[in-house]
Amino acid sequence: SQIGLGKATLYMQNEVKSSIAGQRSEPTSVNTGRFLNSVDVELGTKQGKVFSEIEYAKFLEYGTSKLTPRRHFTNSLVRNKKEVQEIIKKEISQ
């Protein structure tokens, strides 16, 4: 259901932002708040996308030779996969 997909996508956006803000197991990635505020969503007919268009987002996610990866997006998805499935399943069954 489109409603379930929308709810699950917004749930994941919140989880990624919580991770960036240091409220999950990953290190805090907030200096100016630009990265945190850049986390956006896009909803298609069959998928929801949580992303950031900030140029340095990929460096925070995957790391560099001088920066350990923080994996805010990846870890949030792994941590919440079952919850996302439940949100969608609940909407489909209504």
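As the structure is a prediction and not an experimental result, all values here were calculated from the model. (Residues numbered from 1 in each chain as written. Predicted model: local features only at pLDDT ≥ 70, side-chain atom pairs only at ≥ 80, totals over all residues. Heavy atoms only, no water.)

Draft legend 1. Examining helix α1 (residues 2-20) more closely. Between its terminal C-alpha atoms α1 stretches 27 Å, which fits the 27 Å expected from 19 residues at 1.5 Å a residue. Turning to α1, its buried residues are G4, L5, G6, A8, T9, M12, Q13, E15, V16, S18, S19 and I20. Where α1 is buried, its residues touch α2 (34-38), β1 (40-43), β2 (48-51) and α4 (72-92). For α1, the N-terminal capping position is held by S1, with its side-chain oxygen 3.3 Å away from the main-chain nitrogen of I3. Once α1 finishes, G22 follows within two positions and takes phi at roughly 85 degrees, a positive value. (Helix = DSSP H or I, 4+ residues; strand = E, 2+ residues; numbered from the N terminus. Expected span 1.5 Å × (residues − 1). Buried < 20%, exposed > 50% of the residue type's maximum accessible area, 1.4 Å probe, protein only. Contact = heavy atoms within 4.5 Å. Polar contact = N/O pair within 3.5 Å; in protein donor to acceptor, adjacent residues only side chain to side chain.)

Draft legend 2. Spotlight on the packing of aromatic side chains. Evaluated as defined, the whole model comprises 2 aromatic pairs. Through successive ring pairs, a cluster of aromatic residues spans F35, Y56 and F73. It is K49 that lies over the ring of F51; its NZ or CZ is 5.1 Å from the centre. (Phe/Tyr/Trp six-rings, centres within 6.5 Å; stacked < 30°, edge-to-face > 60°. Lys NZ or Arg CZ within 6 Å of the ring centre and 35° of its normal.)

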